[in-house]
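# Structure at a glance
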Amino acid sequence: MIEVNNLSFARGNTLIYKGINFQISPGELLLIKGANGVGKTTLLSNIVNFTDPLEGSITYNGSEIDNHVASQFFLYIGETNFAYESLSLNQNIEYWLSIHNVKFDDLIKNKTVNFFFNELNLYKKFYQLSFGQKKKLQLILLMLINKPVWVLDDPFNGLDSKSIRKVNDLLKKKLENKGIIILTSHQNISLNKYKTLELL
């Protein structure tokens, strides 16, 4: 379970949000909504311990979320591509897997890539991809890295309708396996039941 109690965050002298409270248990998804600039991405960065809140607490199964807890239990996928533009797609995937201490043979990796791409040359350079292709390549990590908590910043941005359906399928399967998902999106989620937090 993730518990957020009385969370506030300020940037300089500007208060971004205050008094944020929620609980989310295994098998639940929390959709964080709000206009641009209200602090959705900042809240995610607080949750995964990238930034420190002004006040309040964030715990995972009763433990304060520090770098160790975040790296062991959380998979964060942000709007910025954490990739090396000059490396091939295959080299970037290998890099992402290595920092999470995961290893797959090429057959499994290629099948995973083909889930989002009908055919993709893994020896292309990352900079040669479109924005949507870069996003899909990033989302492949959802299938390759097994962490109990997914924290996703606008995962549908730049995706075509077919890919959005595939991401929704992954979200549904994660919840069926009692994972926890926290995400931001301007879209509604194609799930029967989920929690919503609106930032104003």
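Data block above holds the structure.
Notes on the structure in this doc start here.

So, how was this worked out
Residues numbered from 1 in each chain as written. Predicted model: local features only at pLDDT ≥ 70, side-chain atom pairs only at ≥ 80, totals over all residues. Heavy atoms only, no water. Helix = DSSP H or I, 4+ residues; strand = E, 2+ residues; numbered from the N terminus. Buried < 20%, exposed > 50% of the residue type's maximum accessible area, 1.4 Å probe, protein only. Contact = heavy atoms within 4.5 Å. Pairing = 2+ DSSP bridges.

### What about the environment of Ser 45?
You can see Ser 45 is positioned in helix α1 (residues 40-47). Looking at Ser 45, the relative accessible area reads 10%, which means it is buried. Sequence-wise, Ser 45 and Pro 148 are 103 residues apart; in three dimensions their C-alpha atoms are separated by 17 Å. If sequence neighbours within four positions are ignored, Ser 45 has contacts with Phe 50 and Thr 51.

### Some words on the sheet that holds strand β1 (residues 2-11)
What the 4 strands build is an open sheet, ordered β2-β1-β4-β5; its pairing is antiparallel. Of all strands in the sheet, those bounded by a partner on one side alone are β2 (14-24) and β5 (63-64). In the sheet, strand β4 (residues 55-60) pairs with β5 via 2 bridges, with the strands oriented antiparallel. Each bridged residue has a counterpart across the sheet, and for Thr 59 the counterpart in β5 is Glu 64.

Read these as spatial facts, not as claims about activity.
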